[in-house]
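Secondary and tertiary structure notes
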Amino acid sequence: MPDISAAALAAQVFTGLVLGGIYVLLAVGLSLIFGLMTVVNFSHGALYMLGAYFGFVLMGRTGSFLVALVLAPLLVGAFGLVVERFLIRPLYGRSPDDPLLLTFGLSLVLVEVARLIWGKIGVTLDPPPALAGAVNLGFTYFPSYRLFVIAVTVVVLVGLWLFLEKTNVGLVIRAGSRDPMMVRALGFDVGRIWFLVFGIGTGLAGLAGILAGPMRGAYAEMGVTIIIESFVVVVVGGMGSLLGAVISGLLIGQIVGLTTFFAPKLAEIVVFIFMALVLLFRPSGLLGEAGLME
Amino acid sequence: MKKRAVAWVQRHTVLCFFVVFAIFPWVVPYKSLAAQVLIYGLFALGFNLLYGYTGLLSFGSAAYWGLGAYGTGIALAKLKVTSLWLALGMGLVFALVGGALVGFFCLRRRGIYFAMLTLAFAQLLYFVGFHLADWTGGDDGLRGIVVPAIGVGHWRLPLDRSVVFYYFTLVIVGLAVAALKRILDSPFGAVLQAIRENADRATACGYDISRIKHLSFVFYALFCGLAGALDALRLTVVPIESLHWSTSGQVVIMTLLGGAGTFFGPFVGAATFLVLEDSISVWTESWPLAIGAIFMAFVLFLPKGIWGTLTGGFHGR
Amino acid sequence: MNRRVFLTTTAAGAATVAFPAVLRAQSKDPVRIGFPLPLTGPFAAIAGDMKQGAELGVDELNAKGGILGRKVELLVRDDQLKPQVGAQRTQELIEKENCQFIVGGLAAHVQMAINEQTKKAKVLFISTSQSDEISAKPDTSPITFHEALNPTITSRVVGSWIMKNLGKKWWIVYADYAWGKQNNMVLTETNKKLGGTILGSTPYPLGSAEFSAHLPKIQAAKPEVLVAVTPGADDIAFLKQVKSFGMQNQMKIAKPLHWISVAKQGGPELYQDIYGGINFYWELQDTIPEAKRYVEAFQKKFGTPPGDYGVYAYSAVLEVARGSELAKTTDGEKVADALRKNPTYNHVKGKQWWRTCDNKSFQDMWILKGRAPGKTKGEWGLLDIVARVPASDDMDRTCAEKGHTA
């Protein structure tokens, strides 16, 4: 048992927040797509990876991290629209497992393509010089860039919440995830809503990727383990529940962070133990709708 | 003409299996590949029982393959068991217990939650295997497996030659195939498919579907475990990747390529996958790209798989 | 079924039943060296260097007439960093392609699976992967040779050097898998033996590049040296995070091994003043004639200087040739005997030799230090040579410790 000073523990909680932020961005995207379309997007991790690589390319061309931060998610979202239109839509009406299987294949392809385009060893992204130092939080020094990640996550989530709660499109999306039949009966083009939602969901994955890039670098396999963890977050939060995804993401970020601190060997497994426990006692996840793809 | 041929094959399943696979090693480039096809075919057969016939998609098949492999491997390498049958038996027991326990927990949920639970338990097992390095060899894998010769009385047949090992595997897998045929042709098999078509209606008909699903899961674990055990004997090493989710993913791809819900689909799928991998790997480095693209094409355009499309025998979902 | 397949399979069948060694040695077929390595996956860049080293070796052999007058062919296969695939490729190379020798492996667990297949087929295998177990029981065999360094050698050498030159109070961060754990264990042993202190030892899951959890704790403990057992991409993530906490100014940072391709990718800003061990670095051409010859030939053929892993493959291929010429046959067991009876060789960097009990290659090591940005020499001159550590018998575990009797 290491020396636990309050400062070290507090720093640890902040680290857990950063990790949680990335999880939340990924989980919200996955949950949006699942909640509305009952599609499980296995390529979400690969899209996260693309976000980091697109960010790398944009930073190289424009020299500006801010430009990359805005454009990379948009590019990934646009790519997501293409995927929805040409790969997912043809599967409508078939077995619900098919989009899962298709996106699984897609993830294999995207990882290899990334390796072919950007090389086998990965690339380094640097945070902008303004964010490269550390900030004195009083109890410890914490890297500024990581605080930035927390801030961006909060801003994006608030923006998303406003979009869903306060706009008409948002209303239709929320209605559509509760009762797609009814929404269609009321005359809305559900296909176009799905198109939009898939783009937003994948764009969020891209955002998570470019945010993570300067912390860990970009490499073709970076999405491979995080996709599994993201699924766990979504399932624990309740598939289709956005608030569930947020709470679950933050919770699991803390759990992983604290386990890494106290019992590093258990860090990898604790996520799965937690999921198994939650699912066995609260079958639809923390905030899931009972009966929806139960 | 084709319909009659297909019908004939479906009536004489086990015979066809033995005939095809008796000559198989002389058709493929090398014996070891043939044995690999048989073993992975058996693995896919188990998965297909759960997915193609019962309608339950599991992402944790590696757990039972791994349990079978480690059970047999530990018997031979650590416990120094001298009987091959005892070692195989131990592998099967590991897979049986694992399947019964994990199945009990996972089957409390349905659909995507069930799939995620199977994955979670498989990952748990992976980490346990990784860290129990004294028994499993950890990430270096379990080595030191000595394959005993089989025999009766004073007569002994060593299994170290590729050809001999192949025909030994053929007999074991053949027995498993025959067993599966019995299972599927029985009333139990019929109820499995009823569950796949419409679980609620099956319940309404009075069947105790949760017991039946559980039993199906246990059979699935046994077939996967037997396949894993045979591979442990073939490679004389059990790598930790046996428990990794990429192994689970591989069997999903193979079954779909061949045709889920068909009897021979798994073997066709395993053969296609492995022979393709063998040949494509020689002239390109991007095998994962090739197989990912092929798999997507199948999901989009050929969902019944090769054998399913050829026989038109896909029962539809 | 075509005639070629039929003939190949019948011949293979006959060979496995009759006298394999005699049949192979008497044919005038080329000598085939099978080479499984991870061409795809996170270590593909290192594998690329290995492939080039082997190709150079084969070219040089063929220019001199081949092995025993027969042309040498190199058959490269992707093992995808997976043991099952490595084992399968090895079986394909032996059964279908009739390779007489196997050289290769990069990942420890894959090479052990490869080794199982070569042992069964009685084919000589020279491993180019870093692993302690390959030369110990139960993996070792008379036809299993190990060319590369292993964690024991690396950590003993680098550990001792750190104790004498950088500091005695350490904190170790290591990847929680076989290679990482072995290095950690040997580093700890070496430190204690020379009277140092280990302030802490932190494992992390391999590939999980999240270290900020641990860094505040390490900073607070104030070690003199932070020893990072962080392979590949993990190393870059680790150094970035360490830098973001400002720790490079508070302590020395050292690793058991530098990897040239990773250092290049990370860049001099990240790798400045980072110490590490290595088996070969191209700037050795300034002081060692064999290195100069190798570097020039490599540069001429491929346009870049050679990396660190390529020399393992190059040496291994040349040793296959040397052993075959000595034994006058390509039979694995006889070649192995010949190599043991004539264990000394020098292909790239000075004297190396095979230890008799475990077929382990003993060789010199060097300590390198990252150059500051602005002080680098061209695209590849990223590291300074700080010290040379000559090979010695106590570098590795003793024969008895590895389970070899007599």
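Within every chain, residues take consecutive numbers counted from 1 along the sequence as written. Lettering of chains starts at A and numbering of ligands starts at 1, both following the order in which they are written. Since the coordinates come from a predicted model, pLDDT governs what is reported: local features require at least 70, and pairs of side-chain atoms require 80 or more to be given and counted, while whole-chain, interface and lining totals use all residues.

**Considering the overall build of chain B**
Helix and strand definitions follow DSSP, with helices as H or I runs of at least four residues and strands as E runs of at least two, each counted in order from the N terminus. Within chain B one finds 15 helices and 2 strands. Reported as C-alpha extents along the three principal axes, the dimensions of chain B are approximately 50 × 45 × 45 Å. Across the 317 residues of chain B, 57% fall into the buried class. Two residues qualify as being in contact provided that their C-beta atoms, derived from the backbone, are within 7 Å of each other. A separation of at least 24 residues holds for 75% of the contacts in chain B among residues at least 6 apart in sequence. Once C-beta atoms are placed from the backbone, each residue is buried if 20 or more other C-beta atoms lie within 10 Å of its own, exposed if 12 or fewer, and partly exposed for counts between those two.

**Topic: the environment of C:Leu339**
Residues and elements named next belong to chain C. The residue Leu-339 is located in helix H14 (residues 332-341) in this model. Take Leu-339: there are 24 C-beta atoms within 10 Å of it, and that puts it in the buried class. Note: C-alpha distance between Leu-339 and Val-227 (112 residues apart in sequence) is 37 Å. The residues contacting Leu-339, other than those within four sequence positions of it, are Glu-319, Gly-323 and Trp-354.

**Notes on the packing of helix H9 (residues 187-197) of chain B against helix H11 (residues 209-235) of chain B**
Residues and elements named next belong to chain B. For helices, the axis comes from a line fit to the C-alpha atoms of the stretch in contact; other axes are also lines fit to C-alpha atoms, and the angle between any two N-to-C directions lies between 0 and 180 degrees. With their axes 10 Å apart at the nearest point, H9 and H11 run at an angle of 105° to one another. If you check the angle between H9 and H11, you find them roughly perpendicular. Facing H9, whose interface residues are Phe-188, Val-191, Leu-192 and Ile-195, H11 presents Ile-209, Ile-212, Lys-213 and Ser-216. Each residue is assigned to one of three groups, with Ala, Val, Leu, Ile, Met, Phe, Trp, Tyr, Cys and Pro labelled nonpolar, Asp, Glu, Lys and Arg labelled charged, and all others, Gly among them, labelled polar. Taken together, the residues that form the contact of H9 with H11 break down as 6 nonpolar, 1 polar and 1 charged. By definition in this entry, angles of less than 35 degrees are roughly parallel, angles greater than 145 are roughly antiparallel, angles of 65 to 115 are roughly perpendicular, and the rest are oblique.

**What about the sheet that holds strand S4 (residues 124-127) of chain C?**
Residues and elements named next belong to chain C. Two strands pair if DSSP finds at least two bridges between them. Pairing in this open sheet of 5 strands is parallel, and the strands run S2-S1-S3-S4-S5 from one edge to the other. Across the chains shown, the open sheet's two edge strands, defined by having one partner strand only, are strand S2 (72-78) and strand S5 (144-146). Strand-to-strand twist in this sheet, taken as the mean axis angle between neighbours without regard to direction, amounts to 20°. Sitting on the sheet, helix H3 (residues 44-63) is in contact with strand S1 (31-37), S2 and strand S3 (101-104), with an inclination near 170° to S2.

**Here's the deal with helix H2 (residues 44-62) of chain A**
Residue and element names in this part refer to chain A. An ideal rise of 1.5 Å per residue puts 27 Å on 19 residues; H2 measures up with 26 Å between its terminal C-alpha atoms. Of all 19 residues making up H2, 15 are buried, and the element is well covered by its neighbours. Downstream of H2 by one or two residues, Gly-63 has phi in the positive range, about 70°. Working rule for helices: expected span equals 1.5 Å times residues minus one.

**Thoughts on helix H7 (residues 178-193) of chain C**
Residues and elements named next belong to chain C. Taking 1.5 Å per residue, 16 residues should reach 22 Å; H7 reaches 22 Å between its end C-alpha atoms and fits that length. Among the residues of H7, Ala-178, Trp-179, Gly-180, Gln-182, Asn-183, Asn-184, Val-186, Leu-187, Thr-190 and Asn-191 are the ones counted as buried. Where H7 is buried, its residues contact helix H5 (108-121), helix H6 (151-165), strand S6 (169-175), strand S7 (197-204), strand S8 (225-229) and strand S9 (252-257). Of the residues one or two after H7, Gly-195 is the one with positive phi, at around 85°.

**Let's talk about the nonpolar core**
In this usage, the nonpolar core is the set of buried Ala, Val, Leu, Ile, Met, Phe, Trp, Tyr and Cys residues whose C-beta atoms join them within 7 Å. Counting 338 residues, the largest nonpolar core has A:Met275 and C:Val103 as its most contacted members. It is helix H1 (residues 6-37) of chain A that provides the largest number of residues to this core, a total of 19 residues. An automatic or database domain assignment provides the domain bounds reported here. Mapped onto the domain boundaries, this core takes at least three residues apiece from domain 1 (3-149 + 289-362) and domain 2 (152-278 + 365-395) of chain C. Beyond its immediate chain neighbours, meaning those up to four positions away, C:Val103 contacts C:Ile33, C:Phe35, C:Ala54, C:Ile126, C:Thr128, C:Ala313, C:Ala316, C:Val317 and C:Val320.

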